[in-house]
Amino acid sequence: MKTTNYNIRLDPVVKMKAEDTFSVFGLNLSEAINVFLHKAIIERGFPFDVRNPIPNVSLLQAMDEAERIIAEYNQGTRKPKPLANARELFAAMDAEDEAERDNE
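Because the structure is predicted, anything quoted here is derived from the model rather than measured. (Residues numbered from 1 in each chain as written. Predicted model: local features only at pLDDT ≥ 70, side-chain atom pairs only at ≥ 80, totals over all residues. Heavy atoms only, no water.)

1. Side note on the layout of surface pockets
For clarity, the threshold we go by: Cavity and pocket criteria rest on a 1 Å grid covering protein atoms alone: a 1.4 Å probe that fits but cannot get out defines a cavity, protein on both sides within 12 Å along at least 5 of 7 lines defines an open pocket, and an atom within 4 Å of a point defines a lining residue. Grid points are joined across faces, edges and corners, and a volume is the space filled by probe spheres set on the points. We count a stretch as a helix when DSSP gives it H or I for four or more residues in a row; a strand needs E for two or more, and each element gets its number in order from the N terminus. When residue character is reported, Ala, Val, Leu, Ile, Met, Phe, Trp, Tyr, Cys and Pro are called nonpolar, Asp, Glu, Lys and Arg charged, and the others, Gly included, polar.
Counted as a void, the largest pocket has a volume near 400 Å³. The space that makes up the second largest pocket amounts to roughly 170 Å³. Around the second largest pocket, the lining residues are Ile69, Tyr73, Arg78, Lys79, Lys81, Leu83, Leu89, Ala92, Met93 and Glu96. Listed by contribution, the elements that provide at least two residues to the lining of the second largest pocket are α3 (57-75) and α4 (86-103). The leading source of residues in the lining of the second largest pocket is α4, at four residues. Considered class by class, the residues forming the lining of the second largest pocket number six nonpolar, no polar and four charged.

And the structure:
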């Protein structure tokens, strides 16, 4: 059978773990990739579920808060705070968090 070469970049740790995983089945990485590709051809797509992860509740809340803050800036009801450096930024963020906790 005629073959062709294809180079891919892999994280060294991922490569090592994959080699260890497939060696249990008597396959090297090249053979395992060929199995994957053949199965993908048979399935006419990924041979496993590929899903878009659903964000958790805290991420959804953070996204809502970011949208609210952007809307406030756009409406002119929130003004940017001039800060000199990152320390001032983090101090301001900590103060906002403390104020929110006090209001709860």
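2. Topic: the packing of aromatic side chains
The cut-off we apply is this: Stacked, tilted and edge-to-face are the three classes applied to pairs of Phe, Tyr and Trp rings, where Trp contributes its six-membered ring and a pair requires centres within 6.5 Å; stacked means planes under 30 degrees apart, edge-to-face means over 60, and tilted covers the rest. Categorising residues by exposure relies on relative accessible area from a 1.4 Å probe, with only protein chains included: less than 20% of the type maximum marks a residue as buried, more than 50% marks it as exposed, and the intermediate range marks it as partly exposed.
Taken as a whole, this structure holds two aromatic pairs when the rule is applied. Aromatic pair Phe36 and Phe48: ring centres 6.1 Å apart, planes at 35°, arrangement tilted. With Phe36 in helix α2 (residues 29-43) and Phe48 in the loop between α2 and α3, this residue pair connects regions lying 12 residues apart in the sequence. Exposure remark for Phe48: the relative accessible area of 47% places this residue in the partly exposed category. Centre to centre, the rings of Phe46 and Phe48 are 5.6 Å apart; their planes meet at 45°, and the pair counts as tilted.

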